[in-house]
Structure formats: C-alpha cells, structure tokens
There are 2 protein chains.
Amino acid sequence: MPTARCQLGIGSRPQLSLGEVRMVAKFVQIADELRARVRERQYAEGTVLPRQSELATEFDVNVNTVSAALKLLEREGLVQSRRSQGTVVLPQIPLRKVGMDRYSRRRWERPTEAEDGAPYMDERGWQPAAQSTEISIEPATEEMAGRLEIDEGEDVVRRARVIRDARGTVTHTLVSYYPHRIAKGTLLMSEEQGPAGHGGAFRVLTDLGHEPHSINERLHARLPDGDEAQSLEMGIGEPIVEMRRRTYDGSGVPIEYAIGLHRASRFQWNYTFNVPE
Amino acid sequence: MPTARCQLGIGSRPQLSLGEVRMVAKFVQIADELRARVRERQYAEGTVLPRQSELATEFDVNVNTVSAALKLLEREGLVQSRRSQGTVVLPQIPLRKVGMDRYSRRRWERPTEAEDGAPYMDERGWQPAAQSTEISIEPATEEMAGRLEIDEGEDVVRRARVIRDARGTVTHTLVSYYPHRIAKGTLLMSEEQGPAGHGGAFRVLTDLGHEPHSINERLHARLPDGDEAQSLEMGIGEPIVEMRRRTYDGSGVPIEYAIGLHRASRFQWNYTFNVPE
DNA sequence: TTTTATTTGTCCGTATGTATT
DNA sequence: AAATACATACGGACAAATAAA
C-alpha cells in the first residue's frame, strides 16, 4: 500500500510554496530522500526500487517528477534505470584509488610476481575482471604524430581495451598508441591480454631498449558524447574523466601515448610529489 | 520567420522511427545541432540563443524538448540559461592547465616577483580576478584531526576562498585548514588576499619553520550537492572536480589540508613524474 | 515605486514507443 | 502474445526572476 513515509517539506498543490527558505524543486527533494534511503540501506545494493508510478504515489507527485529525480541519481552513479527492468541500486564500490605507484617498476620488472596485466591495481589488490583488446595499425594523424614525435602518416600501433569490473560493468576504456617501428612484431601487437597488459607493455618496451622512465598524465572531467557513452555503456549526463598519458624513455623519447575514458564515479586519482624548484 | 534550417533526421509524428539505426532521442539531436552551431560560431560567445519557444518552432518540437536539450548543453558548460534572460553562449575559455609547478618554490620564495597570491597561474599567465576570503577558527573534527595529525578538538584555522575569473564567474572554491598552533597570529589569519594567497601561504609557512616539502593531491570528479552547486553558482547536474591536498614539511609533518571544488569544465590537471621503483 | 511583459523552470496529465519478462 | 516498466514527447498551467514600462 502506498505508505506515505516521506512528506516532502512543501505545501499543497500550487507548486513549491517556500517563504524565505531556499526554494528546492520537488525532483531534487525526492532525489535527496531516495539517496538517503540508499545510504541508510533501506534500499540495499542490488535492490530494485519501487517502480516510478509507486514512488509517484508515495510522494504524491507525477511520474515525470520521479523520473527526473531518478535521472539525477543515475548521473551520480548511484542507481541505474533500465526499460522494463526497473531501477536498481548499484553496488557501492569504494573508489578505486589510482596512484602513481601503479606504474612501479617492480610491478612489471619481475614477470614471476604474477601481478602483470593489472593496470589499475590499488592498495586493496583490485584487478580488472575482464578486458577485451583490439589491435590495429594506422597511419599517424597529425595530432598523434605530434604526441609521439614521429612523422605524420608513419604507422602507429593502436591498442584499444575495454576494462570491466567483476560484475561486468565497464569501468573504463584505454587506447594506447605506440610507434610502429618500436612495436612491430612484438608482444605489444598480441591481442592476448596476458603479458601485454599494461604492466606487460612496460616490460616489453624495456626489452626493446625503451625502458619507461617518466610519465605525463593529464586529467579532464566532462560529459561523454554519444559514442563515448555507448562504449562505456553508460548514459550521457553521467560524468567521465578523460586521461591522456604520455610515456617517455630515459632519453626523453615518447614511447606511448594513451587516452583513457573513465567512469568518474569509480575513480580517485592520487598524486604525490615534492614541491618543485 | 521560423526557418526550418535543420530537419531532425527522424520521421513524422510517431516518436522516433528508427530501424536498425541506433535510436537517438530528439532532445539529444537538438543538443547536437545547437552544439554544432556554437562550435561553428553561428551562435557566438556571449550571444543569447533564440528563446526556447522559437527553437521549438524551428525544430518542430515541444518547448519541453528544447528545454531538455538546453539542460544537456548547460551541464556540458557550453551555455547557461537563466529565467527571464534567455540562454547565453558561455565564453569558450581554454582549459586552465593546472600543473605541479604552480607550487614551484620560485613562485613564492621571492616576494619581489609579484607573482604571489596566484594559486592557479598557468603557462599563459592566467590569474584569478577576484577572490573573497573568510577566516575562522574551529575545533578539529575527527576527520580533520586525522588529516593534520593533531588531536581531535584542537583548534584549526579555516581559510575559505571563492575564486572568480575576470568575468566574475566562480571557477572554484578552496578551503584550507592549518593547525592553529602553527598559524596563530600570522598572516595566514589575515583576510587580505595579498600575501596570504596560496603562494604567500607557503612563504609564511616557511618563515614559521615549516617549509612545504611534499604534496599529495587526490582528485575525484562527481556531481555537486545542492549547497556545493550554490557556492559555485552553478546548476546541479554539471560535474565538478573535488581536489584534496595535503602539504607536508620537510620532516613529514602535515602543515595544511585543503579541499577544492572546481568547475570541471574549466580545468585540466597535469602531472609529470618518473616511473617509481 | 508599481505594474506589466518576457523568458525560463517546474510540474501535471496524458499518450505512446521500446525493451524485457 | 500479453503484461510490465521505463523513456520520451506533447500540451497546458503556473511560478519565479528579471527587465521594461
């Protein structure tokens, strides 16, 4: 039965009646209430929320208003709505802490440690559950030529990966580019995910005489376009973090350029450094 | 006159008719079209777009559909809608490149260089136009005590700033916390923005025998809550980047903890480091 | 100062499409 | 085939914020 658990702190029919109090739209108030319920486990992880029409009855609003509230929560990464399936509470996965030490030499120098291929292993030992790789060879665009300091049109190896967590949710995509003259005929061009995972890639590059030495990372948070949203299997409106990484060998030659698209709600980026001169 | 410039690539009345083609909602198509017009300067920066009802007529859709499209563009940071004022195209400001060298010692060690107080100066010499500061002394919460490695309840100096660009738009907020035993009676507690701007703070800390030595920064992109959106003068739904910074002196003692909230569409975060051992 | 017009924001009720179950 | 549940869209109503009269 429609238990009127929560009365929105607002008046009767005529829109929002608020005096000097800041006016807050109904759909925001409903989102706040639902968010609270998720946080206090009234709606547990994996649960399917009551359907929109039920929530509408409970809060005494129109279905559209509930829908707007749920879209807000969906953009926050808290729930996910699917046609004909309802709205499920997503598992409250702790933020994946992405630190500089994921590139640590010991992570990839000793193949026996069986840690290779885990580009985003954090303190808790998380590692990706699934990863699909797609390799191709392309002529360098003008931009890519600049990034890799090669000639425009020269071949580059493109290595595109989609990384999912244990539940099958896409957490991020990563596209790496290597100069073909470095990568050709090596494991970098294998579609196996094993040795040529990220750590493995570093090892391969080392074997080729291009040991990774320094890294530049740029982060920018934004909304995805339609294609990006589709490749990440998320809605537009949910923010992503674009990471661009350039890796140099000891002599300052760029050996890799990578573009990652990360579901913003899943990652925390961690950098430690000394105050520069 | 309603010049039907752009026909949405969709059928007649019955919703979206799409066969094998990926179905794209009308409001997304309209957003795409409007975004393109902004990019090709058909709608220049600072321009007020045609009102929603006009756009609705042009695209032959309902006003609500146009409204949804504009909300999408607003979340992208491309336009801003205001009641009774219309929708203006925001200036296409290049991303502010926030690098580690904003903490460079030379930036704050020599007061004569007149660069002090510019926490986010980038290669192009950008600096904040306005900055309002609010100082208070508070007992440390449990979290803050942990961050600053002091006792819970011990006093901390809280220094909250709102930074705007030259046009008066809030770009970010920054709240710094210092142990009171370090900061008391110093310029850190002055509300003047001059010497106690960021660079200045570092100089003051150096004078106090706590020269900043290393820094840890954590970034996380997400949507703001209502209060945060208000303090940044932006809408909920537009992503922000939360930065948490801990600064240590040479002996590893935390001397500052700061929380920044940044309009995501304005910043690019830049880190360079060597591959760790 | 008060009133009026303009424009967007929110919400409602309704209808229909789409994807599952 | 039918029921389910969300997604999108429409048209109408009114409120809120601001500008203009």
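Preceding this paragraph is the structure being described.
Worth saying up front: this structure is predicted, and the values here are computed from it rather than measured.

## Details of the interface of chain A and chain B
Consideration 1: Taken together, the contact pairs 47 residues of chain A with 47 residues of chain B.
Consideration 2: Between chain A and chain B, a total of about 4100 Å² is buried, with carbon and sulfur atoms accounting for 58% of that surface.
Consideration 3: Applying the counting rule to chain A against chain B returns 22 residue pairs in polar contact (both at pLDDT 80 or more).
Consideration 4: Secondary structure elements with two or more residues in the side of chain A that touches chain B: α3 (63-75), α4 (105-109), β7 (212-222), α8 (226-231) and β10 (267-274) of chain A.
Consideration 5: Ranked by the residues each element gives to the side of chain A that touches chain B, the list is headed by β7(A), at ten residues.
Consideration 6: By residue class, the composition of the side of chain A that touches chain B is 22 nonpolar, 13 polar and twelve charged.
Consideration 7: Inspection of the sheet shows β7(A) paired to strand β10 (residues 267-274) of chain B by six bridges, in the antiparallel sense. For A:I215, the partnering residue across the bridge sits in β10(B) and is B:F273.

## With respect to the side chain of B:R158
Residue and element names in this part refer to chain B.
Consideration 1: By the element assignment, R158 lies in strand β5 (residues 155-164).
Consideration 2: At 3.5 Å, the side chain of R158 and the side chain of Y177 are in polar contact.
Consideration 3: Dropping the residues within four chain positions of it, R158 is found in contact with E134, I135, S136, E138, V175, S176 and Y177.

## Describing α3(A)
Consideration 1: With 13 residues, α3(A) should cover 18 Å at 1.5 Å per step; its first-to-last C-alpha distance of 18 Å lies within 8% of that length.
Consideration 2: As for α3(A), its buried residues are in contact with α1 (26-39), α2 (52-59), β1 (79-82) and β2 (86-89) of chain A together with α3 (63-75) of chain B.
Consideration 3: You can read the cap of α3(A) off the contacts: a side-chain oxygen lies 2.8 Å from the backbone nitrogen of A:N64, and it is on A:N62.
Consideration 4: Within two residues after α3(A), A:G77 carries a phi angle of roughly 85 degrees, on the positive side.

## What to know about the protein's contact with DNA strand C
Consideration 1: What surrounds DNA strand C is a group of 22 residues, the closest being A:K26, A:N64, A:T65, A:S84 and B:R51.
Consideration 2: Across the atoms of DNA strand C situated within 4 Å of the protein, the share located in sugar and phosphate is 75%.
Consideration 3: Backbone polar atom of A:N62 to a phosphate oxygen of DNA strand C: 2.8 Å apart, as the coordinates give it.
Consideration 4: A distance of 2.6 Å separates a sugar or linking oxygen of DNA strand C from a polar atom in the side chain of A:S84.
Consideration 5: Of all the elements in the fold, those that place two or more residues in the surface near DNA strand C are α1 and α3 of chain A together with β1 (79-82) of chain B.
Consideration 6: Split by residue class, the surface near DNA strand C holds five nonpolar, twelve polar and five charged.

Scoring rules and cut-offs
- Residues numbered from 1 in each chain as written.
- Chains lettered and ligands numbered in written order.
- Predicted model: local features only at pLDDT ≥ 70, side-chain atom pairs only at ≥ 80, totals over all residues.
- Heavy atoms only, no water.
- Contact = heavy atoms within 4.5 Å.
- Buried area = accessible area lost by both parts, 1.4 Å probe.
- Polar contact = N/O pair within 3.5 Å; in protein donor to acceptor, adjacent residues only side chain to side chain.
- Helix = DSSP H or I, 4+ residues; strand = E, 2+ residues; numbered from the N terminus.
- Nonpolar A, V, L, I, M, F, W, Y, C, P; charged D, E, K, R; others polar.
- Pairing = 2+ DSSP bridges.
- Expected span 1.5 Å × (residues − 1).
- Near = heavy atom within 4 Å.

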